[in-house]
Amino acid sequence: MSDSKKTDKAPEKKKKPKKLSKNQRKARREFMRSVAIGGGVVGASLLGFFPVEKNWNPRLRPPGAIDEKDFLAACIKCGQCVQVCPVEAIFLGDLDEGFGIGAPYIDSRAQACDFSCDALQCILACPTEALTHKIDKKEQVRMGLARVVRPNACLAKEAKPFKGTIRGPDYNGLMRITEIDRWVPVKLGEHEFDRTVCDLCVKYCPIPGALDLEPLYENASRDGWLPVVDKECVGCGLCDMVCPVEPSVFTIDERKTWSDT
Amino acid sequence: MSGFVNSLSVMLGAKPLAMDTKRQSEEVRQLHKDKRSPEAIAERNQAMLDEEHMKPKNKWLIRRWISIFLVNIIFVISFYFDVQLVEGALTASRVIGFHFADLNSAIQVMLAHKAFLINLVIGFVTVFVLWWLVGGRSFCSWACPYHLVSEWAEMAHLWLRARKYIKNRELHRGTRTVLYVIFSLLALVTGYTVFEAISPVGILSRAIIYGPTLALIWVAGLLVVEIFFSRRFWCRYICPIGVTYAFVGSISPVQIKYDAVECHHDGACRRVCLVPHVLETTKMGYADDMEVSIGADCTRCGMCVDVCPTGSLAFEVKGLKSLL
């Protein structure tokens with residue numbers, strides 16, 4: 001770090017035997033240093049392009065999120081949506097998300113939005129309308145679409161029951177079960193389900209008509225059902241969270257709409 | 001008016017004006033003349049020798065650190081105890097229900113998103129008035145969490161430098177102005193809030209409230225540069241947030257006021273200052289008037305007030321006296 005003396009004595013360019021004074025040399029070094037560091041800072045900020053433009057890390061955004069590019073522009077990265085969510089479903093992006101740093105997302109398998117706030121609190125909390133204020137009902141939300149990706153793992157397909165806690169007692173996901181408590185979400189790790197045929201996804205889907213169990217076999221010689229996603233689906237991911245098999249039968253295609261299918 | 005323009009141009013990177021007796025008032029010219037007399041010089045030298053044993057005060061430093069701590073911890077308390085005092089982060093928040101928006105973050109969002117957002121405008125105006133009332137860049141030294149860790153890095157830097165392990169490398173102060181324009185254009189053209197991706201203020205504020213993130217590695221990297229390479233380089237030469245608040249500070253009633261009469265011109269203030277170019281007026285013979293307000297770039301941190309042995313620098317609220 002103490003190379004300044006060397007550079008002081010460094011031979012000057014031979015083409016132009018113009019002698020620079022000590023102050024001029026100092027100013028020139030300062031200028032070069034400023035360009036290098038200033039350029040470095042701008043360069044570092046522009047690295048944020050890659051994760052968003054290449055879509056390295058597609059994220060399920062909270063209810064009401066406007067078009068992804070506009071969303072990243074409008075979001076002021078304050079996390080007020082995080083603070084109001086009663087089931088703590090929302091997290092903020094990190095460094096690896098580039099310009100998505102500090103922008104909210106939901107990991108539906110870990111903790112889905114179950115609309116237990118009723119009033120779309122995250123939307124009301126957003127100061128920049130990155131979560132649009134144009135909607136005020138859960139049925140109007142369009143986060144994405146659920147899709148059955150592992151039908152063979154589905155318990156209902158073989159008419160199997162489900163009894164016990166989903167994903168064991170250590171799982172700390174939250175979900176509102178209205179027959180237990182209208183206001184306080186239940187800790188899923190502590191809640192024992194008991195279904196003669198597993199239908200958790202359909203039973204707890206918060207959107208009427210979005211998910212149905214449909215019988216697989218016409219003749220009654222065999223029982224078996226599969227969940228079928230309908231166009232009412234808002235992509236909240238509750239089916240993904242509550243699915244007791246590992247990994248989940250569902251995936252949520254973020255930002256996909258019914259017209260894309 | 002020319003003083004105001006000069007204060008802005010110095011903030012944006014221009015060299016402070018050289019001494020020019022033509023600009024000076026008759027009274028201050030006489031003062032400088034008196035101060036140059038052999039008796040006055042001898043008296044000052046003796047006084048400066050006596051002052052060497054004085055310990056610098058930490059009055060404003062302690063107040064400021066408490067302020068930064070409180071401002072940032074109140075977000076955490078609001079979140080964890082769900083008391084809804086200040087919800088959000090430093091970039092934008094609701095303070096007992098009222099919208100607040102960091103001026104620079106709000107500008108970035110407006111440039112990138114290109115839409116009229118009423119809540120953001122309300123938050124912007126509220127915060128503008130708030131920081132106008134208390135000094136503009138006082139945001140930096142009284143609220144910014146990065147400023148605090150950067151002060152600690154500065155202590156390490158000065159400790160190493162005193163032992164000649166490292167030397168300080170300065171950048172041109174105009175760098176910050178160029179970056180301000182670049183980041184504004186980038187937001188406008190790309191439609192992304194580009195600067196937010198690397199803003200250590202947003203990163204730190206969110207980490208304090210929502211828990212540590214990988215992005216703290218970037219902040220740590222900046223601090224390493226500040227310790228080993230260039231003293232306070234982020235706040236001095238890079239941060240556009242500082243420029244935004246400096247514009248607010250240029251018209252703020254809260255100023256540091258310099259009184260030329262008692263000053264020993266020993267330069268103690270300039271050595272501790274984050275932005276020593278604003279204190280050029282404290283050099284012997286430089287003051288244009290008996291009392292001078294320190295320029296737009298001043299963060300109102302009070303370090304110079306703490307360190308000044310003669311009380312020549314003090315906080316001032318313009319118009320307060322006539323109001324009372």
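Remember, it's a predicted structure, so these values are computed and weren't measured experimentally. (Residues numbered from 1 in each chain as written. Chains lettered and ligands numbered in written order. Predicted model: local features only at pLDDT ≥ 70, side-chain atom pairs only at ≥ 80, totals over all residues.)

**So, the overall build of chain A**
Inclusion rule: Strands here mean DSSP runs of E at least two residues long; helices mean DSSP runs of H or I at least four residues long; both are numbered from the N terminus. Three exposure classes are used. Buried residues have 20 or more other C-beta atoms within 10 Å of their own C-beta, exposed residues have 12 or fewer, and partly exposed residues fall in between, all C-beta atoms being placed from the backbone. Residue pairs qualify as contacts under a 7 Å threshold applied to their C-beta atoms, which are placed from the backbone.
The number of helices and strands found in chain A is eight helices and ten strands. A principal-axis box enclosing the C-alpha atoms of chain A has dimensions of 100 × 40 × 35 Å. Within the span of chain A, comprising 261 residues, buried residues form 39% of the whole. Counting only contacts in chain A whose residues sit at least 6 apart along the sequence, the fraction spanning at least 24 positions is 70%.

**Remarks on the overall build of chain B**
Inclusion rule: The globule rule used for comparison is 2.2 Å times the number of residues to the exponent 0.38, while the radius of gyration itself is calculated over C-alpha atoms.
Check the secondary structure of chain B and you find 16 helices and six strands. Relative to the globule expectation of 20 Å for 324 residues, the C-alpha radius of gyration of chain B, 21 Å, shows essentially globular dimensions. Dimensions of chain B along its principal axes, counting C-alpha atoms only, are 65 × 45 × 40 Å.

**What to know about the interface of chain B and chain A**
Selection criterion: Here the term charged refers only to Asp, Glu, Lys and Arg, the term nonpolar to Ala, Val, Leu, Ile, Met, Phe, Trp, Tyr, Cys and Pro, and the term polar to all other amino acids, Gly among them.
At the junction of the two partners, chain B supplies 45 residues and chain A supplies 38 residues. Secondary-structure elements contributing two or more residues to the side of chain B that touches chain A are strand 1 (86-89), strand 2 (92-95), strand 3 (98-101), helix 5 (103-113), helix 6 (118-134), helix 9 (174-190) and helix 10 (200-210) of chain B. Counted by class, the side of chain B that touches chain A contains 24 nonpolar, 14 polar and seven charged residues.

**Thoughts on the environment of Met19 of chain B**
Residue and element names in this part refer to chain B. By the secondary structure assignment, Met19 is in the loop between helix 1 (2-12) and helix 2 (26-35). Each C-alpha atom, one on Met19 and one on Arg232, is 27 Å from the other, the two residues being 213 residues apart in sequence. Apart from residues lying up to four places away in sequence, Met19 is in contact with Gly285 and Tyr286.

**Overview of the pairing of strand 9 (residues 225-229) of chain A**
Residue and element names in this part refer to chain A. Inclusion rule: Here, strands pair whenever DSSP counts at least two bridges between them.
The side-chain alternation of strand 9 yields one buried face, formed by Trp225, Pro227 and Val229, and one unburied face, formed by Leu226 and Val228. Sheet topology places strand 8 (residues 211-215) next to strand 9; five bridges connect them, and they run antiparallel. Residue Leu213 lies in a different strand from strand 9, and its bridge partner there is Pro227.

**Considerations on helix 2 (residues 22-46) of chain A**
Condition: Expected span, for any helix, means 1.5 Å times one less than how many residues it has.
The end-to-end C-alpha separation of helix 2 of chain A is 36 Å, in line with the 36 Å expected for 25 residues at 1.5 Å each. Turning to helix 2 of chain A, its buried residues are Ser34, Ile37, Gly38, Val41 and Ser45 of chain A. Buried-residue contacts for helix 2 of chain A involve helix 9 and helix 12 (233-238) of chain B.

**Remarks on the environment of Trp60 of chain B**
All names here are of chain B. Position of Trp60 relative to the elements: it lies in helix 4 (residues 59-80). We classify Trp60 as buried; it has 20 C-beta atoms within 10 Å. Those residues in contact with Trp60, other than ones at most four positions away along the chain, are Cys301, Gly302, Met303, Val305 and Asp306.

**Thoughts on unusual backbone geometry**
Geometrically, the link from Glu246 of chain A to Pro247 of chain A is a cis peptide bond, its omega value of -10° lying close to zero. Along the chain, Pro247 of chain A turns up in the loop between helix 8 (238-242) and strand 10 (250-254). A positive phi angle, near 50°, is found at Asp82 of chain B, a position not held by glycine.

**Side note on the sheet that holds strand 6 (residues 313-317) of chain B**
All names here are of chain B. Short version of the rule: As a rule, the C-alpha atoms of each element are fitted with a line to give its axis, helices using only the stretch in contact, and angles between N-to-C directions run from 0 to 180 degrees.
On the basis of which strands lie adjacent, the open sheet formed by three strands has the order 5-4-6 and antiparallel pairing. Strands with a single pairing partner mark the edges of an open sheet, and in this sheet they are strand 5 (291-293) and strand 6. This sheet shows a mean twist of 35° between the axes of neighbouring strands, independent of strand direction. Where strand 4 (residues 254-259) meets strand 5, three bridges bridge the pair, whose relative direction is antiparallel. Bridging across to strand 5, Lys257 finds its partner in Ser293.

**Points about the nonpolar core**
The cut-off we apply is this: Each nonpolar core comprises buried Ala, Val, Leu, Ile, Met, Phe, Trp, Tyr and Cys residues, the members being joined through C-beta atoms within 7 Å. Domain limits in this description derive from either an automatic procedure or a database domain assignment.
Formed by 155 residues in total, the largest nonpolar core has its most connected members in Cys81, Cys122, Cys239 and Val242 of chain A together with Cys304 of chain B. When residues of this core are assigned to their parent elements, the largest contribution, seven residues, is made by helix 5 of chain B. Mapping this core onto the domain boundaries places at least three of its residues in each of domain 1 (20-47 + 253-323) and domain 2 (59-247) of chain B. Every residue in contact with Cys122 of chain A, bar those within four places of it in the chain, is listed here: Pro62, Pro63, Cys81, Val84, Cys85, Ile90 and Leu131 of chain A.

**Side note on the domain arrangement of chain B**
Residue and element names in this part refer to chain B. Domain boundaries assigned for chain B yield domain 1 (20-47 + 253-323) and domain 2 (59-247). Its C-alpha centre places domain 1 at a distance of 29 Å from the equivalent point of domain 2. Every contact between the two is made by 14 residues of domain 1 and, on the other side, 15 residues of domain 2. Per element, the largest residue contribution to the side of domain 1 that touches domain 2 is three residues, and it comes from helix 15 (residues 303-307).

**Notes on the packing of helix 5 of chain B against helix 6 of chain B**
Residue and element names in this part refer to chain B. Note the following rule: Angles are sorted into four bins: roughly parallel if under 35 degrees, roughly antiparallel if over 145, roughly perpendicular if 65 to 115, and oblique for all others. It is the rotation of the near helix from the far one that decides the hand of a crossing: anticlockwise by less than a right angle makes it left-handed, clockwise makes it right-handed.
Interhelical geometry of helix 5 versus helix 6 gives an angle of 150° and a closest axis separation of 9 Å. Our classification of the angle between helix 5 and helix 6 gives roughly antiparallel. As for how helix 5 packs across helix 6, the hand of that crossing is left-handed. Residues Leu103, Ala106, Val109 and Met110 of helix 5 pack against Leu120, Gly123, Phe124, Val127 and Phe128 of helix 6.

**Thoughts on the sheet that holds strand 1 of chain B**
Residues and elements named next belong to chain B. With antiparallel pairing, three strands are arranged side by side in an open sheet as 1-2-3. With one partner strand each, in any of the chains shown, strand 1 and strand 3 form the two edges of the open sheet. Taking each pair of neighbouring strands and ignoring which way they run, the sheet shows an average axis angle of 15°. Bridge analysis of strand 1 against strand 2 gives four bridges, and the strand direction is antiparallel. Bridge pairing in strand 2 links Ala89 to Ala92.

**As for helix 6 of chain B**
Residues and elements named next belong to chain B. Rule in force here: What the arc measures is the spread of directions leading from the helix axis to the C-beta atoms.
An ideal rise of 1.5 Å per residue puts 24 Å on 17 residues; helix 6 measures up with 25 Å between its terminal C-alpha atoms. Leu120, Gly123, Phe124, Val127 and Trp131 are the residues of helix 6 that are buried. For helix 6, the arc enclosing every buried residue in end-on projection is 100°, short of the 170-degree limit, so these residues lie on one face. The exposed set on the far side of helix 6, more than 90 degrees from its buried face, consists of Ile118 and Val129. Following helix 6 by one or two positions, Gly135 adopts a phi angle in the positive range, close to 115°.

**A short note on the confidence of the model for chain B**
As a note on interpretation, predicted positions should not be read in detail where pLDDT is low. Our working rule: Think of pLDDT as the predictor's per-residue confidence, scored from 0 to 100.
In this model, chain B carries a mean pLDDT of 94, and residues with pLDDT of at least 70 account for 100%. At the level of chain-chain contacts, confidence expressed as ipTM amounts to 0.92, with global pTM at 0.91.

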